Number of protein chains: 2
Amino acid sequence: MSANSKPMRERMEAFILELQEEIITALENVDPNAPKFLRDRYERENNTGYGISGVFSVPVGEDGLAPAIDTVLEKGGVNISVVNGHLSQAAVQQMRAEHASLPPPPEGGLPFFAAGLSLVIHPRNPHAPTSHANWRYFEVMEPGDSENPKTLAWWFGGGSDLTPFYLYEEDAVHFHKTMKDASDPFGTQVYPAFKKWCDEYFYITHRKETRGIGGLFWDDFTDAPHKSLSESEKRPRSIEEIFAYVQALGRTFVPAYVPILAKRCKQPSTPRERRWQLIRRGRYAEFNLMIDRGTKFGLMAPHARIESILMSLPETARWEYMSDMGTDPESPEGKLMAVVKVPREWV
Amino acid sequence: MSANSKPMRERMEAFILELQEEIITALENVDPNAPKFLRDRYERENNTGYGISGVFSVPVGEDGLAPAIDTVLEKGGVNISVVNGHLSQAAVQQMRAEHASLPPPPEGGLPFFAAGLSLVIHPRNPHAPTSHANWRYFEVMEPGDSENPKTLAWWFGGGSDLTPFYLYEEDAVHFHKTMKDASDPFGTQVYPAFKKWCDEYFYITHRKETRGIGGLFWDDFTDAPHKSLSESEKRPRSIEEIFAYVQALGRTFVPAYVPILAKRCKQPSTPRERRWQLIRRGRYAEFNLMIDRGTKFGLMAPHARIESILMSLPETARWEYMSDMGTDPESPEGKLMAVVKVPREWV
């Protein structure tokens with residue numbers, strides 16, 4: 001039996017298991033003296049799947065909130081989850097608005113499968129950007145107890161994005177260029193379409209600013225015509241091509257992000273820069289708690305594992321009333337604000 | 001012209017202006033060497049009203065994030081806003097679900113008036129509780145340019161609640177008893193009804209816990225029958241009686257909260273207790289950003305003043321993955337968790 005004859009459910013699960021280790025190992029290698037990521041496997045209730053949280057944290061020291069040892073990362077998570085669940089008729093009906101490939105649901109609802117890797121990395125140094133990525137596969141199956149149920153609908157989603165506190169243009173260019181280079185072989189329309197979507201998705205409505213300097217974001221990626229892509233140009237079209245795209249982009253995370261982390265993590269920084277980092281982390285928390293659909297969906301799901309979902313939050317965030325930081329356009333903080341107020345084309 | 005012959009709009013505005021000064025002065029008196037609250041008046045666009053934010057903050061020191069001077073409060077706001085606005089037909093239609101006194105709206109929508117005081121006090125000492133309160137009046141008027149338009153519908157809302165980090169039963173009892181004593185002359189059914197509503201409102205759904213140890217909460221308080229109150233028992237029934245209740249409860253904030261603050265603010269504390277305070281402040285931020293209807297409504301409103309709305313957020317919040325703090329029921333942190341998991345009757 002060749003790999004390709006296995007159901008996509010199994011192939012995606014195998015891919016994210018492998019990718020999780022690859023990413024964690026690359027992050028651990030940046031800081032060999034730091035504690036290793038904690039691999040925390042948990043089983044979901046009623047035999048509905050499992051998750052493996054890969055968590056980085058440092059115990060606080062005896063005499064305060066400062067970490068017991070100095071580390072490159074402050075907090076991080078590289079998590080996978082593999083879920084076999086059931087969607088009610090109403091839930092399927094609601095999902096059809098965004099996922100046209102879903103059939104009208106029968107009264108008893110439909111079984112689903114979801115597998116994804118989700119990561120957030122919060123480095124300690126204010127010159128090193130926070131990063132986030134997620135790749136996921138969703139499938140809705142025929143009802144029944146079959147070992148290998150028929151697929152009724154499927155899609156992939158994913159993306160990766162960067163949230164710097166201080167703008168280093170070369171870092172932004174490197175991050176975007178690495179992803180564009182990985183994306184272009186699948187059709188040159190793909191990078192600009194998903195880059196735009198990323199700027200739109202990571203938008204903090206009430207602040208009128210993006211969370212960071214973007215990256216790629218896509219959802220509802222199937223073999224059907226896609227609202228963000230032209231059918232007359234090259235694009236990943238079959239499930240094989242789309243899975244190849246997801247794998248290529250997933251494997252691009254390490255070369256896109258880790259060199260930036262390695263370069264910035266030892267740069268000298270001031271308490272004022274730390275303060276700005278914490279204020280921006282407040283905005284990060286606002287986005288994740290108020291706006292992110294993934295967080296909302298996750299928390300509403302039955303048997304939601306709160307700790308894994310909210311692991312994306314920074315260890316510390318700060319809110320100042322009418323802060324003066326970032327208001328002077330000539331300041332380093334103001335230079336970041338310019339690019340979160342008006343997204344830029346980096347490549 | 002006697003005070004009572006003035007429209008309630010003006011009387012409520014005068015009340016909250018007075019109460020704002022009373023509360024700010026009482027808080028300033030607890031810590032005479034601290035910077036004074038900054039009274040920050042702003043005008044709303046297009047002649048639609050104004051606000052006065054009363055803000056407490058301490059500049060950070062030169063060499064880090066520690067405050068330049070030690071103060072009782074870490075962050076606080078005692079804000080009023082007075083708004084003359086316009087509700088679209090659709091907005092009125094939506095509000096009718098919760099406010100039965102609203103008439104079916106005409107095509108052009110309806111003018112409204114809203115006046116309220118909203119406060120959040122975050123003390124520095126982990127043994128001193130955070131407190132929040134809000135009193136507001138809302139009125140929908142006949143369309144037209146009249147100087148003194150006819151009132152079509154009106155209601156009051158409000159409440160005050162306490163969020164300790166460490167449980168001192170005598171503080172919880174004092175807070176609740178002071179409010180019960182102020183409430184009882186208006187009918188003994190009122191305190192238990194609004195205490196229950198408070199426990200239900202300040203509930204962090206995904207954490208399955210309340211934000212703190214509660215207090216009072218009420219909304220849609222008019223002269224019509226109220227879903228939380230029995231018509232056969234004594235209750236504030238006329239607009240005069242309800243306004244008297246709102247004033248009595250507003251004036252109860254200082255005696256309910258300030259003695260607790262004064263008692264706890266000098267108590268010795270450890271870095272571990274500070275850490276727990278910051279973790280609980282993370283939960284506070286989760287409630288305010290994800291669940292609080294007032295925040296959501298405020299941020300969606302046209303010309304929303306973000307800085308005033310999000311001033312409720314703590315200066316610093318902390319999120320740990322699977323924190324061990326609070327898990328041991330015999331620990332001081334665990335004793336707090338017991339009362340946020342199962343609300344208690346304090347008086």
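The structure displayed is predicted, hence computed values, not measured ones.

Colleague: Could you give me a rundown of the overall build of chain A, with the residues and numbers involved?
Modeller: Along chain A, the regular secondary structure elements total nine helices and 10 strands. For 347 residues, the compact-globule estimate of 2.2 N^0.38 gives 20 Å, and chain A sits close to it at 20 Å. Each principal axis of the C-alpha distribution contributes one length, and for chain A these read about 60 × 50 × 40 Å. Every one of the 347 residues in chain A was classed for burial, and the buried ones make up 60%. Long-range pairs, those at least 24 residues apart, make up 71% of the contacts in chain A with a sequence separation of at least 6. Element-wise, carbon and sulfur atoms account for 54% of the exposed surface of chain A, whose accessible area totals about 14,600 Å². Each charge class in chain A was averaged separately, 40 positive and 47 negative side chains, and the resulting centres sit 3 Å apart.

Colleague: A description of the packing of helix 1 (residues 8-30) of chain B against helix 5 (residues 239-264) of chain B should follow, citing residues and the corresponding values.
Modeller: Residue and element names in this part refer to chain B. Two elements in contact, helix 1 and helix 5, have axes whose closest approach is 10 Å; the angle formed by their N-to-C orientations is 10 degrees. Looking at the two axes, helix 1 sits roughly parallel to helix 5. A class-by-class count of the residues in the contact of helix 1 with helix 5 yields 17 nonpolar, two polar and five charged.

Colleague: Run through the interface of chain B and chain A, naming residues and quoting values.
Modeller: Each side of the interface is counted separately: chain B has 35 residues, and chain A has 35 residues. Across the chain B to chain A interface the summed buried area is about 3,300 Å²; carbon plus sulfur atoms make up 66%. Linking chain B with chain A are 13 residue pairs in polar contact (both at pLDDT 80 or more). Those elements that place two or more of their residues in the side of chain B that touches chain A are strand 2 (49-56), helix 6 (271-291), helix 8 (306-309) and strand 10 (316-318) of chain B. Ranked by the residues each element gives to the side of chain B that touches chain A, the list is headed by helix 6 of chain B, at eight residues. Classifying every residue of the side of chain B that touches chain A by side-chain character gives 18 nonpolar, five polar and 12 charged. Looking at chain direction, strand 10 (residues 316-318) of chain A and strand 10 of chain B are connected through three bridges and run antiparallel.

Colleague: Residue-level account of the packing of aromatic side chains, with values.
Modeller: All names here are of chain A. Enumeration over the complete set of coordinates arrives at 46 aromatic pairs over all chains. A centroid spacing of 6.4 Å and a plane angle of 55 degrees characterise the contact between F113 and Y137, whose relative ring orientation is tilted. Residue F113 is located in strand 4 (residues 110-123), and its partner Y137 is located in strand 5 (residues 130-141); the two are separated by 24 residues in the primary sequence. The exposure classification of F113 matches that of Y137, with both residues buried. Centroid distance Y201 to F217: 4.1 Å. Interplanar angle 10 degrees. Geometry classified as stacked. With Y201 in helix 4 (residues 190-201) and F217 in strand 9 (residues 214-221), the pair connects residues that are 16 residues apart, well separated along the chain. No difference in accessibility class separates Y201 from F217, as the two residues are buried. Just above the ring of Y50 sits the side chain of R41; from NZ or CZ to the centre is 4.0 Å.

Colleague: Tell me about the relation of the copies chain B and chain A, and please be specific about residues and values.
Modeller: In the superposition of chain B on chain A (RMSD 0.0 Å, axial shift 0.0 Å), the rotation amounts to 180 degrees. Taken together, the rotation and translation describe the operation of a two-fold axis. When the interface residues of chain B are mapped onto chain A, 100% of them are again interface residues, pointing to one common binding face.

Colleague: Go over the sheet that holds strand 2 of chain B with me, naming the residues and quoting the values.
Modeller: Residues and elements named next belong to chain B. Here we have seven strands laid out as an open sheet, ordered 1-2-3-4-5-6-9, and antiparallel in their pairing. Here the strands that pair on one side only, and so sit at the sheet edges, are strand 1 (38-43) and strand 9 (214-221). Sheet twist, expressed as the average angle between the axes of neighbouring strands with direction ignored, equals 10 degrees. Bridge count between strand 1 and strand 2: six bridges; the pairing is antiparallel. Across the sheet, E43 pairs through a bridge with Y50, a residue of strand 2. Along the sheet face, helix 6 touches strand 3 (73-87), strand 4 (110-123), strand 5 (130-141) and strand 6 (151-163) and points at about 165 degrees away from the line of strand 4.

Colleague: How would you sum up the sheet that holds strand 2 (residues 49-56) of chain A? Please name residues and give values.
Modeller: One key point about sheets: their strands pair by backbone hydrogen bonds, in either a parallel or an antiparallel sense. Residues and elements named next belong to chain A. Across the sheet, which stays open at both edges, the seven strands sit in the order 1-2-3-4-5-6-9 with antiparallel pairing between neighbours. In the strand order of this sheet, the two ends are held by strand 1 (38-43) and strand 9, each with one partner. For this sheet, the mean angle separating the axes of adjacent strands, direction not counted, is 10 degrees. Pairing analysis gives 10 bridges linking strand 4 to strand 5, with the strands arranged antiparallel. Paired with A114 across the bridge in strand 5 is F138. Seen against the sheet, helix 1 (residues 8-30) touches strand 1, strand 2, strand 3 (73-87), strand 4, strand 5 and strand 6 (151-163) and runs at an angle of roughly 170 degrees to strand 3. Of the strands in this sheet, strand 6 and strand 9 touch helix 3 (residues 169-183), which is tilted by about 35 degrees from strand 9.

Colleague: Outline the pattern of salt bridges, supporting the account with residue identities and numerical values.
Modeller: For the coordinates displayed, the defined rule picks out 64 salt bridges over all chains. Here E74(B) ties to R274(B) by a salt bridge, and the two come within 2.9 Å at their closest N and O atoms. With E74(B) in strand 3 and R274(B) in helix 6, the pair connects residues that are 200 residues apart, well separated along the chain. Classification of E74(B) by relative accessible area gives buried; the value is 1%. Within this structure, R275(A), R318(A), E320(A), D324(A) and E315(B) form a network of salt bridges that share partners.

Rules used throughout
- Residues numbered from 1 in each chain as written.
- Chains lettered and ligands numbered in written order.
- Predicted model: local features only at pLDDT ≥ 70, side-chain atom pairs only at ≥ 80, totals over all residues.
- Heavy atoms only, no water.
- Helix = DSSP H or I, 4+ residues; strand = E, 2+ residues; numbered from the N terminus.
- Rg over C-alpha atoms; globule rule 2.2 N^0.38 Å.
- Buried < 20%, exposed > 50% of the residue type's maximum accessible area, 1.4 Å probe, protein only.
- Contact = heavy atoms within 4.5 Å.
- Areas by Shrake-Rupley, 256 points an atom, 1.4 Å probe, with all protein chains shown as cover.
- Lys, Arg positive; Asp, Glu negative; His and termini not counted.
- Charge placed at Lys NZ, Arg CZ, Asp CG, Glu CD.
- Axes fitted to C-alpha atoms, helices over the stretch in contact; angles between N-to-C directions.
- Parallel < 35°, antiparallel > 145°, perpendicular 65-115°, else oblique.
- Nonpolar A, V, L, I, M, F, W, Y, C, P; charged D, E, K, R; others polar.
- Buried area = accessible area lost by both parts, 1.4 Å probe.
- Polar contact = N/O pair within 3.5 Å; in protein donor to acceptor, adjacent residues only side chain to side chain.
- Pairing = 2+ DSSP bridges.
- Phe/Tyr/Trp six-rings, centres within 6.5 Å; stacked < 30°, edge-to-face > 60°.
- Lys NZ or Arg CZ within 6 Å of the ring centre and 35° of its normal.
- Least-squares fit on C-alpha atoms with pLDDT ≥ 70 in both.
- Salt bridge = Lys/Arg side-chain N within 4 Å of Asp/Glu carboxyl O.

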